[in-house]
Each structure stands twice: as structure tokens, then as C-alpha cells.
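# Inside the fold
This is what each chain is made of:
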Amino acid sequence: MSDTSPVQFTDLNLPEPILKALNDLGYETPSPIQAECIPLLQNGGDVLGMAQTGTGKTAAFALPLLSNIDTALTKPQILVLAPTRELAIQVAEAFQAYSRHMRGFHVLPIYGGQSYPIQLKALKRNPQVIVGTPGRVIDHINRGTLDLSGIKALVLDEADEMLRMGFIDDVESILSKTPEKRQMALFSATMPDEIRRITKRFMTDPTAVKIATKTSTVENIEQKCLIIGGLQAKLDGLTRILETEDYDGVIIFARTKTMTVELAEKLEARGYSAAALNGDLNQAMRERTVSRLKSGQLDIVIATDVAARGLDVPRIDLVINYDIPTDTESYVHRIGRTGRAGRKGTAILFAAPRERRLLKAIERATRQPLTMMELPSRDDVTKKRIASFRDDIVKMLAGDENLDFYKNLTAQLSEELEVSELDLASALLFMAQKEKPLVLPPEAPRRERSFREEDRGRNDRNDRGGDRGRDRGDRPERGERPDRGERGERRPAAEMEVFRIEVGRTDGVQVKNIVGAIANEANINSRNIGGIRLHDDYSTIELPKGMPSEQLQQLQQVYVCNKALRMSKLEGVAAEGRQERSSAPRDNDRPARDGHRGQRRDTTGGERRESTGGEERRPRRPRRD
Ligand code: AMP
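Owing to the predicted nature of the structure, the values given are computational and were not obtained by experimental measurement.

Attention shifts here to the overall build of the chain. Looking only at helices and strands, the chain features 20 helices and 23 strands. Once local pairs closer than 6 in sequence are excluded, the contacts in the chain between residues at least 24 apart make up 75%. If you sum the accessible surface of the chain, you get close to 28900 Å²; carbon and sulfur atoms cover 49% of it.

Here is the structure:
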């Protein structure tokens, strides 16, 4: 999406119904990863994409694969594997949004936790695309309810996450059950050895796609970042920033044309002089908007990357990236709309928790740190409003306006009403600020969410940014708990209970298998999974206190290493939570063996400890991505 990348969706050989859907969604141009991947995948090649959330990777595989689909065939033609049910649902929703004008097309997400009868019924509708979590896909294959013989293309999305969650064996087993002649795309933010091994074993001459990051200097621009997700939160954050930052002219970048219009309307309704600038406007209209911004008739323009290309308005001293850009080059171009001709400028970036990975790339590309900022508080806004009110009074008193009439009136009113001039001034101040109160109403207290609510929250379907205008950052992500601080600290031991599960070392189970199965099948945030201890024929696991009985019921049915967990509470056994013990207690169930007591990292990203007793999953360190 740079000045030198003129690729349009219409250049990409996409069928008319898909182009129409993209237009409905307000997508203006392909992101760099899309511009590269779409032709490669359309031509039947294998693609290895180094890309993370926020780059537009879903459309990068969904659009070309959709354009090659034959809606007349009744067997699944595309299989997408995703690490979590949330991602599976989102990817399926993206397919649905892109295919809304394609007749006879069906996509089906299949994931753990949803009842089999529902999935079986949906499978009978002959979906052409299946998006599933590995465990559930394996189950359907084993039950003979998912026929992979017609698969023409396969996608592994967020492959490194699948590895981290312990699904890599399942993934390999699924891959080996797909037809030999089929296309494959693999997307991963990182390329650990295990993923490379998969690419070697299962992919045919894949083209690696990685968006190059050029470094640029942006010395006179102060770069800040606010971690914020969810449409309402972003809008509130934006208005607070506009109230508290000092600026002359502002440009706000949004991802879609639809969003530029929506934001312009919302800001206008809040009293700002704002307008949208996007590719739907003709040249004359765009020029008019820019000249109004230049002359100060407009203070805020909300633009897409394309429309703001080359924009040179010296009074812009604040750039807000309301939606994170899809690549660093586009970020550098966006913030370069301020700090023109040696002036100073400020750039504020909104990033959803799961978009944190892109921040590092931006810091590398700009060779400057992003300063993390807090959302301006209610007090900050109040202080700012009082200060600007005060400035207005000072200006009025120092100005040319003759106030004699008002002075006399004040004296007269005070006498007539028998009130002091202080009381009178207070009443007038109150009346003067009524439209925009100087003191904001108190914030509703933040309530600690219950376990049940939290998991319901994670289940909530979420539209994608352009898709019906909502942002993917609405929900807390796997491993992220906004309600307990940025880093999503784990629960203390006192909030955990210990459960026994009927699968152990002799079944060949590993800690990561248990975490992956429980996280997906019972939809429990993996951060809520405490210590796991493996024994020979059973294991113990710490889970939050007060789990709903339906969730416990669901866990009874979860299979790991072909064995049902048959989970039961271990009464009277205390959880260890975050505590690190110097040595594990002796396991009476099994003879002591010559185990070493070292620590090594397991592939789930946690550390496990070998002891004479059992294998422990110590609570994972909070992830920072
Ligand atoms: P992804 O990286 O696939 O998770 O996509 C991130 C967000 O960007 C989603 O909300 C998409 O709807 C949106 N998106 C993807 N491609 C484009 C595009 N070319 N123009 C505008 N928005 C896009």
C-alpha cells in the first residue's frame, strides 16, 4: 500500500461477485501481502506467508481460493486449519463476507465445544470450505463424517500458534490424509523448525512471501501507541484524545472507506469539524476537502491510505492511526503526513491487543521506539476543558469587545436578585458549559468478570474490521485478559482448584496436548489453565474455581490421546498457582526413577520440570505479543 504500489483489486483477476463484495466491505486496495499472495494462489502455487494478524492475511488466501472454487461440486474443496475456535469462526466469517454474492456457496466452521449433531447437520449441506480446529477435524475424519478426498487447497493459519498449542501432530496427521495433489498455503508469524519441517514434507516448491520492511527516519515525529480494542472503546478513546491533545490539524487513518465515513459522521455529531477523504470521492471533491483542511475550515480529515497519498498540509500536527496499517511502509507514509517541512508532529497508533506483534516491526522500520500511552482519564479531560474555558475568558477580557453593557447588567442582576456576584457568576458559568460539561459524568465502575462471562465473551462472534464495520479487536484474545492488566496475569492459587484427568504418561500424553485440548474443546483461555502434573496413568490440572457445571460436563467428553479425560475434582488438594516449588512432591503412584531435576522449555512456550514424581506444567509466563 505504498506510493509505488498501484495494484488494485481489479488488477487481480478476481471474479465480479468477489469484487462486488470487497466494494461492499469498503476495501480500497489490496494490502501488500494480498497483492503478492493472490496471484500466486490463483495460479495454483504453494505459498509460505510470514504474516501476522493485521496484515490482511485472511483475505490473502481466502480471495484467490474462493475465486478458484467450483460451487457445483458437493465435496469440501478447501480446508483451513486454525488454532482456536475464535479464529476458525472469524476466518469462516471472512469467507462468508467475501462470498456474499456467490450463489450456492457454503463455508462451515467446525471446532471443539460445539455439539456434533449440529456440525453433522451442517456438513450435510455440502460446504465447499471447511475451517476447523485440528482436534475437531481429526475427530470428524476418524468418525468418517468429513470427506477430504475432494480437497484441492489447504491452509494452515497461524501455524506457530498451532505448534504452541500442541496441535502439530494432529496437523501432520490431517495433512497426510489429504489428496497428494493439492495446493497448500501456510501462514505463520514466525518459522520455528517444526513448522519448517512441515513445509518441507507437505509443500511443493512454495513461494515465500514476506513483506519487506524498509527503514526510514521520522525524527521530528513523536510516536505513541495506545493498546485499545473494540469499536466503542476506540471511538471513546479517539474523542478523549481529540479533547486532550494539542493540535491544529489532524488526519485520522482508517482501514476502509466505510469506516472513514462512519467516523466523520460520529465526530461531526460530537461537534468537530471533520470530513472523510476516500477513494469513492471524485478528484474535485477530494481537492475541496484538502483545501478546506489547509485553510482551517476543517480541522480533522479521516482518510484511507489511498486517498491520503502524497497529502501535504503543513498544519497537520497530529496523525492518528485509528486502524493499524497493514505494513510498515504504509505506517511510515501515514505518519509522514505530519512533521512536514521540519515541523514537529505527533503520531498516535491504536493497536488491538493481538496486533502487538506489528509494533515491533514498526519500531524496527522507523528505528524509533513507540511510547506506550494511557487512555486520557476523565480528570485529564476535565482539566483540559477547564483550561480551554479559562483561555476563552482570558481572550475575551483581553479582546476588543466592549463589555460595559454586560458589567452593568451583572451589577443590576445581582442587586435585583439579591445574590452575590460570585453566585451569579457560578450560575452563568454553569449555563455556559451546559452543552459540553466541564466535569465529565463519573465512569461506571469496572466489574471483575466472572469465569462464565469471560468465556461467553470469548465465544462472542466478531465481525471483522471492514465486514459490517466492526473490528476484530472487540474481544479479549486467547492469552490476553484486559480485565486483569496488560499482561494478563494468571489467577492466584487461591482462585484455583485441582482436578484429576484420566490420561497419563503411559498414554503418551504431553502437557501441551492437555492444554490444547482443554483450551479448544472447553473454550477455556489457556491463561486460566494452571499447573499440570503428569503421572503414569492420570494427571492433575489446576483450573479456576467455580467453573460452571456445563463446562465441567463438557470436559468429561474431551478426548486426549484417544482417552476421555473423565475429569473429577480432587477435594482437599490445594492448588499451587504461581508458586514455584523447589522440588516436586513424590508421586506414590509410580516407582521413583532416576529423573534429572532440570528445567527445559516445552513447545507450548511454558517451562516444564522433570521430577521423580511427575511432569509439571508450571504457570506460563505472560506472553507479551
Ligand atoms: P487479518 O490480518 O486477515 O486479520 O485482517 C485484519 C483486518 O483488516 C480485518 O478486519 C480485515 O477485514 C481488514 N482487511 C483485510 N484486507 C483489507 C483491505 N485490503 N482493505 C481494508 N481492510 C482490509
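The next subject is the packing of helix H6 (residues 134–143) against helix H8 (residues 168–175). Running from N to C, H6 and H8 cross one another at 40°; their axes reach a closest spacing of 9 Å. Compared by their axis directions, H6 and H8 come out oblique. The two elements H6 and H8 cross, and the hand of that crossing is left-handed. The segment H6 lies against H8, with Pro134, Gly135, Val137, Ile138 and Ile141 engaging Asp170, Val171, Ser173 and Ile174. Each residue belonging to the contact of H6 with H8 can be placed in one class, and the counts come to six nonpolar, two polar and one charged.

Looking now at helix H13 (residues 328–335). Among the eight residues in H13, seven count as buried, and that is most of the element. The complete set of buried residues in H13 reads Thr328, Ser330, Tyr331, Val332, His333, Arg334 and Ile335. Residues of H13 that are buried make contact with strand S8 (221–227), strand S9 (249–253), strand S12 (316–321), strand S13 (345–351) and helix H14 (356–366).

Right, let's get into the sheet that holds strand S3 (residues 107–110). What the seven strands build is an open sheet, ordered S3-S4-S2-S5-S6-S1-S7; its pairing is parallel. Lying at the two open borders of the sheet, with one neighbouring strand each, are S3 and strand S7 (207–210). This sheet shows a mean twist of 15° between the axes of neighbouring strands, independent of strand direction. Bridge analysis of S3 against strand S4 (residues 129–132) gives four bridges, and the strand direction is parallel. Bridge assignment links valine 107 to a residue of S4, and that residue is valine 129. Sheet strands in contact with H6 are strand S2 (78–81), S3 and S4, and its direction is about 105° off that of S3.

In this section: the packing of aromatic side chains. According to the stated counting rule, one finds six aromatic pairs in the structure shown. Seen from their ring centres, phenylalanine 61 and phenylalanine 187 are 5.5 Å apart, and the 40° between their planes marks the pair as tilted. A residue pair is termed long-range when its members are at least 10 positions apart, and phenylalanine 61 in helix H3 (residues 57–67) and phenylalanine 187 in strand S6 (residues 183–188) qualify at 126 residues. The exposure class assigned to phenylalanine 187 is buried, which follows from its relative accessible area of 0%. On the numbers, 5.3 Å between centres and 90° between planes, the contact of phenylalanine 405 with tyrosine 406 is edge-to-face. On the basis of relative accessible area, phenylalanine 405 is assigned to the exposed category, the value being 56%. Taken together, the ring pairs in this structure connect Phe9, Tyr27 and Tyr98 into an aromatic cluster. Geometry around tyrosine 116 places arginine 136 over its ring, the cationic atom sitting 3.9 Å from the centre.

What follows deals with the environment of leucine 65. Of note, leucine 65 is situated in helix H3. Leucine 65 has contacts with Ile78, Ala153, Val155 and Gln183, leaving out every residue within four places of it along the chain.

Another point: the nonpolar core. Counting residues in each nonpolar core, the largest one holds 55 residues, and the members touching the most others are Leu156, Leu186 and Ile541. With six residues, the top contributor of residues to this core is helix H19 (residues 511–521). Setting aside anything within four residues of it in sequence, one finds isoleucine 541 in contact with Glu497, Val498, Phe499, Ile501, Ile514, Ile518, Ile529, Gly531, Ile532 and Met567. Counting residues in each nonpolar core, the second largest holds 43 residues, with Ala59, Leu87, Val107 and Phe187 among its members.

Our next topic: the pairing of S4. On a regular strand, one side chain projects to one face of the sheet and the next to the other, so that they alternate. Residues Val129 and Val131 of S4 are buried on one face, and the alternating residues Ile130 and Gly132, pointing to the opposite face, are buried as well. By the bridge criterion, four bridges tie S2 to S4 in an arrangement that is parallel. Following the sheet pairing, isoleucine 78 is matched in S4 by valine 129. In terms of handedness, the path from S3 via helix H5 (residues 116–123) over to S4 forms a crossover that is right-handed.

Here the structure, examined in full by the defined rule, presents 24 salt bridges. Across the salt bridge formed by arginine 357 and aspartate 160, the nearest N and O atoms sit 3.9 Å from each other. Highlighted residues: arginine 357 in helix H14 and aspartate 160 in helix H7 (residues 159–164), separated in sequence by 197 residues.

Below, the discussion takes up unusual backbone geometry. Backbone geometry at asparagine 13 places phi at a positive 65°, although glycine is not the residue there. Assignment of secondary structure puts asparagine 13 in the segment before helix H1 (16–25).

Pairing is parallel across the open sheet formed by seven strands, whose spatial order is S10-S11-S9-S12-S13-S8-S14. Of all strands in the sheet, those bounded by a partner on one side alone are strand S10 (274–277) and strand S14 (371–372). Judged from the five bridges that link them, S9 and S12 form a sheet pairing that is parallel. Residue pairing across strands places isoleucine 252 opposite isoleucine 320, the latter belonging to S12. Those strands touched by H13 are S8, S9, S12 and S13, and its axis lies near 150° from that of S12.

Right, let's get into the side chain of histidine 140. Inspection of the secondary structure puts histidine 140 in helix H6. Histidine 140 has contacts with Ile110, Tyr116, Gln119, Leu120, Leu123, Thr145 and Leu146, leaving out every residue within four places of it along the chain.

Rules and cut-offs
Here the residue numbers are simple positions, counted from 1 along each chain's written sequence. Thresholds applied to this predicted model are a pLDDT of at least 70 for local features of residues and 80 or more for the giving and counting of side-chain atom pairs; totals over whole chains, interfaces and linings are not thresholded and use all residues. Note that the side-chain values use all heavy atoms of the structure and ignore hydrogens as well as water. Runs of H or I in DSSP of at least four residues are treated as helices and runs of E of at least two as strands, each being numbered from the N terminus. Pairs of residues are marked as contacts when any of their non-hydrogen atoms sit within 4.5 Å. Per-residue accessibility takes into account occlusion by the displayed protein chains alone, with areas from the Shrake-Rupley method and a 1.4 Å probe. Angular values range over 0 to 180 degrees, each being the angle between N-to-C directions of two axes fitted as lines to C-alpha atoms, with helices fitted over their stretch in contact. Angles below 35 degrees are treated as roughly parallel, those above 145 as roughly antiparallel, those between 65 and 115 as roughly perpendicular, and all remaining angles as oblique. Should the near helix be turned counterclockwise from the far one by less than a right angle, the crossing is left-handed, whereas a clockwise turn marks it as right-handed. Throughout this entry, Asp, Glu, Lys and Arg are counted as charged residues, while Ala, Val, Leu, Ile, Met, Phe, Trp, Tyr, Cys and Pro are counted as nonpolar. The remaining residues, Gly among them, count as polar. Think of it in three bands: with a 1.4 Å probe and only protein chains considered, a residue is buried below 20% of the maximum accessible area for its type, exposed above 50%, and partly exposed in between. A strand pair is defined by DSSP finding two or more bridges across the two strands. Aromatic rings from Phe, Tyr and Trp, taking only the six-membered ring of Trp, are treated as a pair when their centres fall within 6.5 Å; an angle between ring planes under 30 degrees marks them as stacked, one over 60 as edge-to-face, and anything in between as tilted. Charge-over-ring contacts are defined here by two conditions on Lys NZ or Arg CZ: a distance within 6 Å of the ring centre and an angle within 35 degrees of the ring normal. Take the buried Ala, Val, Leu, Ile, Met, Phe, Trp, Tyr and Cys residues and link them wherever side-chain atoms come within 4.5 Å; each set so joined is a nonpolar core. By convention a crossover is right-handed if, when the strands point away from the viewer, the path from the first strand over the helix to the second runs clockwise. Here a salt bridge means any side-chain nitrogen of Lys or Arg lying within 4 Å of a carboxyl oxygen belonging to Asp or Glu.

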